[in-house]
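Per-entry structural report
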Amino acid sequence: MLGEGDSATPSNGNRSNGAPTAVSAQPGATNGTCKPALAVNGASNSDAAPAIASQRQSTYFGHDREEVTRILIQALSDMGYQDAAASVSRDSGYELENPTVATFRSAVLSGDWSAAERLLLGAAESESDAHGDQGNGLVLFKGADRNLMRFWIRQQKFLELLEQQEANSALVVLREELKPLHKDIDKLHFLSSLLMTPPTDLKAKAQWDGAGGQSRKKLLTELSKCISPSVMLPANRLAVLLQTIKQSQIDTCLFHTASSSPSLYSDHSCPRERFPSEVALELIDLGGEAWQVQYSPDGSMLAGCGSDRVVIWDENYEVLVRLEGHEHGVGSIAWSPDGSMLVTCSQDKTARLWSIPDGECLKKTKRFGEPVSSCVWAQDGKSFVLGTLDRQHGLCTFTVDPWDMVEWGGKARVQDLCGSRDGRWLVAVDDQGTMRVYNASRRELEYEVDLSSQAMSVSISEDCKHLLVNKSDGEAQLFNLETQAMGQKFLGHTGGKFLIRSSFGGANESFVTSGSEDGCILIWHKAIGAVVERLKGHRPRCNAVVWKPDDPTVLVSCGDDGRVKMYVGRDRGDLARMGQNQANKTSSSSWTSKAGARALRERPRHPYPGND
């Protein structure tokens, strides 16, 4: 965009007749804060440019030289190297963008909505139109919906007016500007409902961070997707390309355990020795069947539950506290986002809220008609949603302070729940093979999916895009929450009538893992669906498997044998066994190897060359 006191450079396709027009740009040159120091796309900025260009090939190792150069100019400007960016532009004869594009960017980022729409209306609809001297220098992708782009701009205007508490002006925008452009009645009704929303709740309900946040930059990024990259490069293009390369290497690394980003200096691969495959420790404090284990969000504590009791272990894997009070077994547990509280969901038809680490029972729910099956916390830690098998009260939200309950409505026996980290999605599966996807903040049903068999457990990826569904027919599968499309399948484990939990995990969430009716632990590579490890787990059944959130080389499982097992790589397994041989095994209610646990925690981790 044009900075204060800056002027635009020559238009797209023009050349200056004298010296190069070098205008310094401000830091951050892409769809955020760009100044049109480097103005024309592919046009020369001096008479010397043709001579320079004639001495160079049109490609760079098979890549279009202009594209590579413009991406470099953008990246240099993004990183704050303005003089270097200007130098590359001057020497190459290529520039980043024309004045019209820069003015359009400036208009969006400064909230000059009239100017933004005026420039958009004057844009050429194709490259051929632009070459025929049609348009103002802004070129849309073929098939781009100009009215939809105008709707996005006016929607931002509407929301900002609401933020400024100018409800009357916002109403005028809704009726006279937004309504004529959009035929989605549900969308218009939702925007209309925001008029009655208290200002303090506006951002949460609209899932929008305000004019002072990133919303204008996000709007510009969405608009840029409809504009030809020949005149407006997508935001942070080089960074996106580099991340794509890194992700491609991660996706082809069968035993990926590097928690840090791969280096650009060398090809990436992780040694198999670091991948969890050997039992290092066994926990025997749960007594009866072990149904679920969960690490605290920071990985410093481990919680386990089952038919007899609930136990919390500390970072040394020694018992921190036992949670007593439920009349029957506990099938599900959920940590609060800060790890200070835990919800236990019991077959005694109640749920309890506990303070950790002191183990005080803070609250107890009413007794439902059927067992409480699952729990999901809100990201602010102020409330949580319970799923129950009580058809009349399948979904309920509880606020912590003050203690209160809100019914979601509907009649379904909820088998399992999961929620996305961004607070957008809540997914519930029932005992009839139906999956329901809700807008979590509005407690509204978005859509339903009829699964081929009963879903036993669900979980959502950290990027909030994919759902992992583990079904009773022995099949786990990815589901795209945005496109509603089924994805990669994961086969090889056995299902049945009992609840078996699966999860994402490992470095960069590169893996999917699940227990199995036959007692085994299956680990699949998420990208290709291949089984990379099949471990002997529990007898007769392995009920749940989770990865340690702060260490992608550690895996924990639990089963009907009442044991919780920790798996580590072969490079750490020897150390664990050394600790186990030295440990005092006289206690029947503790880790079989406390010394091994300490050794695992305290051992320094040396990076492998080329991995981190």
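Scroll up a little and you will see the structure.
These remarks concern the structure in this document. (Residues numbered from 1 in each chain as written. Predicted model: local features only at pLDDT ≥ 70, side-chain atom pairs only at ≥ 80, totals over all residues. Heavy atoms only, no water.)

Summarising the element assignment, Trp-425 is placed in strand E17 (residues 425-430). Not counting residues up to four positions away in its chain, the partners in contact with Trp-425 are Cys-418, Gly-419, Ser-420, Val-437, Tyr-438, Ala-440, Glu-446, Tyr-447, Ile-460, Cys-464, Leu-481 and Glu-482. (Helix = DSSP H or I, 4+ residues; strand = E, 2+ residues; numbered from the N terminus. Contact = heavy atoms within 4.5 Å.)

On to the pairing of strand E12 (residues 372-377), then. The side chains of a regular strand alternate, residue by residue, between the two faces of the sheet. The element E12 is extensively covered by neighbouring structure, given that 6 of its 6 residues are classed as buried. As paired elements, E12 and strand E13 (residues 383-388) share 5 bridges and run antiparallel to each other. Note that in E13 the partner of Val-376 across the bridge is Val-385. Taken together, E12 and the strand that follows it, E13, pair antiparallel across an intervening segment of 5 residues, in which Gly-381 is found at a positive phi of about 70°. (Buried < 20%, exposed > 50% of the residue type's maximum accessible area, 1.4 Å probe, protein only. Pairing = 2+ DSSP bridges.)

This brings us to unusual backbone geometry. A negative phi holds for most residues other than glycine; trans holds for most peptide bonds. Residue Pro-357 is reached from Ile-356 by a cis peptide bond, and omega for that bond is 20°. In this structure, Pro-357 sits in the loop between strand E10 (351-355) and strand E11 (361-364). In the segment running from Asp-401 into Pro-402, the intervening peptide bond is cis, with an omega of 0°. Backbone geometry at Lys-349 places phi at a positive 75°, although glycine is not the residue there. Position of Lys-349 relative to the elements: it lies in the loop between strand E9 (341-346) and E10. Here Lys-349 falls in the partly exposed class, since its relative accessible area comes to 30%. The phi angle at Arg-443 is positive, at roughly 55°, despite the residue not being glycine. With respect to the secondary-structure elements, Arg-443 resides in the loop between strand E18 (434-439) and strand E19 (444-450). Residue classification places Arg-443 among the partly exposed residues on the basis of a relative accessible area of 37%.

Turning our attention to the sheet that holds E17. The strand order across the open sheet formed by 4 strands is E16-E17-E18-E19, and the pairing between neighbours is antiparallel. Strands at the two margins of the open sheet, each flanked by one partner only, are strand E16 (414-419) and E19. Neighbour-to-neighbour, the strand axes of the sheet open up by a mean angle of 20°, direction not taken into account. Bridging between E17 and E18 involves 5 bridges; their strand directions are antiparallel. Residue pairing across strands places Val-429 opposite Met-435, the latter belonging to E18. (Axes fitted to C-alpha atoms, helices over the stretch in contact; angles between N-to-C directions.)

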